Every structure is written in structure tokens, then in C-alpha cells.
Amino acid sequence: MAPQTATRMTYEEFMALPDDGKHYELIEGELCLNAAPFPRHQRIARSLFRRLDRYFEEHGGGEVWFAPLDFVLSRENVLEPDLAVILSERASIVGERNVEGAPDIAIEVLSAGTRRKDRVVKRRLYEQYGVGEIWLVDPHDRSVTIIRGGVEIVVTDAITSPLLPRFTMPVRDVFPG
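Treat the numbers as computed from the prediction; the structure is a model and nothing was measured.

Colleague: A description of the overall build of the chain should follow, citing residues and the corresponding values.
Modeller: Scanning the chain for helices and strands turns up 4 helices and 12 strands. For 177 residues, the compact-globule formula gives about 16 Å, and the C-alpha radius of gyration of the chain, at 16 Å, lands near that figure. The principal-axis extent of the C-alpha atoms belonging to the chain is close to 45 × 35 × 30 Å. Per-residue burial for the chain yields a buried fraction of 47% across its 177 residues. The long-range share in the chain, meaning contacts at least 24 apart out of those at least 6 apart in sequence, stands at 57%. Accessible surface for the chain amounts to roughly 9200 Å². Of this, 52% is attributable to carbon and sulfur atoms. For the chain, the centre of its 22 positive side-chain charges and the centre of its 28 negative side-chain charges are spaced 6 Å apart.

Colleague: Hey, could you go over the pairing of strand E12 (residues 164-170) for me, with residue numbers and the actual values?
Modeller: Examined bridge by bridge, strand E11 (residues 158-161) and E12 share 3 bridges and lie antiparallel to one another. Pairing of alanine 158 across the sheet is with proline 170, part of E12. Taken together, E11 and the strand that follows it, E12, pair antiparallel across an intervening segment of 2 residues.

Colleague: Residue-level account of the sheet that holds strand E7 (residues 105-109), with values.
Modeller: In space, the 6 strands of this open sheet follow the order E3-E6-E7-E8-E9-E10, with mixed pairing throughout. Sheet topology places strand E3 (62-66) and strand E10 (151-155) at the edges, where each strand pairs with a single neighbour. Strand-to-strand twist of the sheet, defined as the mean angle between neighbouring strand axes without regard to direction, takes the value 20°. Here E3 pairs with strand E6 (residues 83-87) via 5 bridges, running antiparallel.

Colleague: Please give an account of helix H3 (residues 115-128) that cites residues and values.
Modeller: Given a rise of 1.5 Å per residue, 14 residues ought to cover 20 Å, and the 19 Å separating the end C-alpha atoms of H3 matches this to within 8%. The sharpest bend along H3 comes to roughly 35°, located at lysine 122. Along H3, the residues classified as buried are Lys117, Asp118, Val121, Lys122, Arg123, Leu125 and Tyr126. Looking one or two residues beyond H3, the residue adopting positive phi is glycine 130, at roughly 85°.

Colleague: Can you tell me about the pattern of salt bridges, naming the residues and giving the values?
Modeller: For the structure shown, the criterion picks out 14 salt bridges. Linking lysine 117 and glutamate 25 is a salt bridge whose minimum nitrogen-to-oxygen distance equals 2.8 Å. Here lysine 117 is found in helix H3, whereas its partner glutamate 25 is found in strand E1 (residues 23-27), with 92 residues between them in sequence. Exposure class is identical for lysine 117 and glutamate 25. Each is buried. Across the salt bridge formed by glutamate 152 and arginine 119, the nearest N and O atoms sit 3.6 Å from each other. With glutamate 152 in strand E10 and arginine 119 in helix H3, the pair connects residues that are 33 residues apart, well separated along the chain. Since its relative accessible area comes to 38%, glutamate 152 is described here as partly exposed. Through salt bridges with shared partners, one network takes in Glu25, Glu108, Lys117, Asp118 and Lys122.

Reading guide: rules and limits
- Residues numbered from 1 in each chain as written.
- Predicted model: local features only at pLDDT ≥ 70, side-chain atom pairs only at ≥ 80, totals over all residues.
- Heavy atoms only, no water.
- Helix = DSSP H or I, 4+ residues; strand = E, 2+ residues; numbered from the N terminus.
- Rg over C-alpha atoms; globule rule 2.2 N^0.38 Å.
- Buried < 20%, exposed > 50% of the residue type's maximum accessible area, 1.4 Å probe, protein only.
- Contact = heavy atoms within 4.5 Å.
- Areas by Shrake-Rupley, 256 points an atom, 1.4 Å probe, with all protein chains shown as cover.
- Lys, Arg positive; Asp, Glu negative; His and termini not counted.
- Charge placed at Lys NZ, Arg CZ, Asp CG, Glu CD.
- Pairing = 2+ DSSP bridges.
- Axes fitted to C-alpha atoms, helices over the stretch in contact; angles between N-to-C directions.
- Expected span 1.5 Å × (residues − 1).
- Bend = angle between axes of the 7 residues up to and from the residue.
- Salt bridge = Lys/Arg side-chain N within 4 Å of Asp/Glu carboxyl O.

Take a look at the structure:
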């Protein structure tokens, strides 16, 4: 887990922090520093972003966003998924500085430093605040797990989603190189 504050912080205090060029999340009122991702992480996120972005360009229906972008789930929980999908019917949650609400799909690319936080802490918060699907992408195993309604589905061939009609992405394409 990333270094945390000794005292709880409110959303207002979080937003008043000076911009030091680092990326933080607010989890249960505690400030958590996000380390810069490794190149492999970025390649995986980029391949997912490109496929999802192309899907929305061709079919409409929403938009894909990439970190850093704050998703304000509550006054004590501001998360920054690696990628997030917001469907058109919920586009109004996108504001000038952040997103006021949960994404429809939250995508986390796991790393040694974030594995526990992403799989346990952020998953719990995403489920608590109504994220429709959570995609956990594991570069180590070259696997994708989709969590929908609390049920984990290990994807073996291609990523599909009832939230994204006609979307498909072979798992092998998620992991370039």
C-alpha cells in the first residue's frame, strides 16, 4: 500500500492540495500516493484504451478515460482508475475538474505495488459505489478478470461485456509484445 496520512482528510482538503506533479487517491479519508507506472503497464493500458476508443468512435454510446482523472465516489473516496468507461446516459457526471460518480467500467492494470490495493480495497469501493464492471488486468499472469455483480469471471479468449454491445478484444491483444 502507498504511504498514507496519519490523519483523515476531507474531499475539500484533498482538492486544496498544491499540485506537486504526483498523483494521489483518497481512500476512506486517507491520502495515498500512486507511484508512476512502468512502461509495460502503460503499453497494456494503451492497447485497452485504443480498442475501447475505437469501439466508441464506431458505435457511440460512451467514452473511455485514462488516468490521471479523479472519480469522486464520496467525500472520503476519490479514486483514479487506470482506465474508465462512462456510458452516454451518464455523461453528465463528467465535470470540469473531475468525475462526480462511479464509472460504468473501472479498469485496473495490476502491478506488484498496487495488486492488493486494486484487488481488495479499490474493488470493494467500486462495488460499494455501483461500478457495473471491474476489469483487473494482470501483466504477470497475462490474464484478465472481469467482476460483474460480485462474480469473478476469468477471461480466457476474448473480453466482452453486456455494457458494450459488439465489443470484443482478444486477451492476447491486451498484452503487446
